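One-letter residues, chain by chain:
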There are 2 protein chains.
Amino acid sequence: MPTDEERTISLRERKKAKTMAMVQKHALRLFREIGYNATTVEQIAEVAEISPSTFFRYFPTKEDVILRDNYDPLIISAFEEQPLDLSPLAAVRNAMLLAVKDMSEEDLITVRERNQLIMSVPELRAATLNNLMQTMDMIAELIAKRVGRSPNDLDVRIFAGAIIGVNISVMQHHAEHPDSDFAVLLTEALSKLESGQFL
Amino acid sequence: MPTDEERTISLRERKKAKTMAMVQKHALRLFREIGYNATTVEQIAEVAEISPSTFFRYFPTKEDVILRDNYDPLIISAFEEQPLDLSPLAAVRNAMLLAVKDMSEEDLITVRERNQLIMSVPELRAATLNNLMQTMDMIAELIAKRVGRSPNDLDVRIFAGAIIGVNISVMQHHAEHPDSDFAVLLTEALSKLESGQFL
DNA sequence: TTACATTTGATAGTTACTGTCAAATGACAC
DNA sequence: GTGTCATTTGACAGTAACTATCAAATGTAA
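Small disclaimer: the values here were computed from a predicted structure and weren't measured.

(A) Broad picture of the interface of chain B and chain A. Facing 32 residues of chain B, the contacting portion of chain A comprises 32 residues. Put simply, the parts of the chain that give the side of chain B that touches chain A at least two residues each are helix 9 (122–147), helix 10 (154–176) and helix 11 (182–195) of chain B. Per-element tally for the side of chain B that touches chain A: the top contributor is helix 10 of chain B, with 16 residues.

(B) Spatial organisation of the environment of threonine 39 of chain B. All names here are of chain B. Relative to the helices and strands, threonine 39 is located in the loop between helix 2 (11–34) and helix 3 (41–47). Expressed as a C-alpha distance, the spacing of threonine 39 and alanine 27, which sit twelve residues apart in the sequence, is 8.3 Å. The residues contacting threonine 39, other than those within four sequence positions of it, are Leu30, Phe31, Ile34 and Ile44.

(C) How the structure looks around the environment of serine 191 of chain A. With respect to the helices, strands and loops of the structure, serine 191 of chain A is situated in helix 11 (residues 182–195). Serine 191 of chain A sits 98 residues away from arginine 93 of chain A along the chain, and the two C-alpha atoms are 8.4 Å apart.

(D) Fine view of the packing of helix 8 (residues 105–120) of chain A against helix 10 (residues 154–176) of chain A. Residues and elements named next belong to chain A. Helix 10 packs onto helix 8 with a crossing angle of 105° between their chain directions and a minimal axis gap of 9 Å. Here helix 8 lies roughly perpendicular to helix 10, going by the angle between them. Only Met171, Gln172, His174 and Ala175 of helix 10 make contact with helix 8, whose side of the interface consists of Asn115, Gln116 and Met119. Classifying every residue of the contact of helix 8 with helix 10 by side-chain character gives three nonpolar, four polar and no charged.

(E) Just the protein's contact with DNA strand C, in detail. In the vicinity of DNA strand C lie 19 residues, with Ser10, Leu11 and Lys62 of chain A together with Ser51 and Thr54 of chain B positioned nearest. Put simply, the parts of the chain that give the surface near DNA strand C at least two residues each are helix 2 (11–34), helix 3 (41–47) and helix 4 (52–58) of chain A together with helix 2 and helix 4 (52–58) of chain B. Partitioned by chemical class, the residues of the surface near DNA strand C number five nonpolar, eight polar and six charged.

(F) Seen up close, helix 10 of chain A. Taking 1.5 Å of rise per residue, the 23 residues of helix 10 of chain A would be expected to cover 33 Å, and the 33 Å separating its terminal C-alpha atoms lies within 8% of that figure. With 20 of its 23 residues buried, helix 10 of chain A lies for the most part within the structure.

(G) Representation of the relation of the copies chain B and chain A in the model. Taken as rigid bodies, chain B and chain A are interconverted by a rotation of 180° and an axial shift of 0.0 Å, the fit giving an RMSD of 0.1 Å. Here the two chains are linked by the operation of a two-fold rotation axis. Taken together, the interface assignments show that 100% of the residues at the interface of chain B recur at the interface of chain A, consistent with an identical surface on both copies.

Parameters at a glance
Residues numbered from 1 in each chain as written. Chains lettered and ligands numbered in written order. Predicted model: local features only at pLDDT ≥ 70, side-chain atom pairs only at ≥ 80, totals over all residues. Contact = placed C-beta atoms within 7 Å. Helix = DSSP H or I, 4+ residues; strand = E, 2+ residues; numbered from the N terminus. Axes fitted to C-alpha atoms, helices over the stretch in contact; angles between N-to-C directions. Parallel < 35°, antiparallel > 145°, perpendicular 65-115°, else oblique. Nonpolar A, V, L, I, M, F, W, Y, C, P; charged D, E, K, R; others polar. Near = placed C-beta within 6 Å. Expected span 1.5 Å × (residues − 1). Buried ≥ 20, exposed ≤ 12 C-beta atoms within 10 Å, placed from the backbone. Least-squares fit on C-alpha atoms with pLDDT ≥ 70 in both.

See the structure below:
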């Protein structure tokens, strides 16, 4: 008995989604079991029962199998719902929190494990930081629109940079202290940024 | 007639330094002329008149030929000379500025060109951001010592993160606006961070 | 000049990734 | 169902960034 989704999404699309999920699952497992660099794409392809060519059709790089995520759109839509009387930073903070709060307990565990892996593998960390620059640009655009400035305005950019920098610290801390609550950490950190009183 | 340096440093060491400089010079030129990805290590080795094996002895990765720098030690020593009555952020700001001010006009041009290249090549940008995390850790350590806290203290880390984030924004802006004065930009940016009044 | 330590180049791998093409598979009209 | 078309897949042959190894070349120091 097909669900709603299965009715609207074609068999082809369903198979693709399934394959992609399987590949990611096996890849994450292998990376944790024998290490990121020690795991070859060939091995991943083998356990996921696809050819190496197909692997690269789904994921342009080996890194991508871990890094692919979609938080930015979530943040964008959450940000645009924030009341205009909030300060820019409060709006960003709420938007980021909403994106986190939307996740199930299970998702949070996955995210945490993923984060630990990323932070411990230089290649993954570098690629993640690179992605964060896109997020930074996105934040700059959102803020710029809100305060009626250009996204290229240096002040806007600095603001976005500080937010991302704080995020990186929190990610790092969270990877080292897995029991901490990411949402709480992030809220506090961004509040300190607003007051200018870090220490 | 050998100079002071030539007297204290062996022929072997002098040759190595010369080779390394040559390789970097040719690599930078080729990257700018035909692009980073289009330039192979083999090509660089050929024009620098060394074997590819030797290239990798000098530089562990192709990226490294561009990214290798030594600003951190400069910042450390400059930081430790800052009077204790300065705020932590003022001390960091002064230390970073001193590291920049120490450079000759020619150095500044090289740094600027290097920065433009780095920011325009994803691989180089990613690796640079990764390196900046080390700088972030270093700043956290310096600050921690100064205010008598642990380098793992989250507040200290957040502070260091914000500083690095601001730095990234300034680097990005400087790459897009080569005529701007990096030192001035950075000073203003870090001041805004201190007051908490970005916008 | 000799004896030793370090550096270099040649060679043969491995692995992430790219391009191409024919075979397999799903979509859709009938 | 059946045939036709578009999409997806796998096999194959490459490229380029590294890695490991070993003998030849070169600097060092007595």
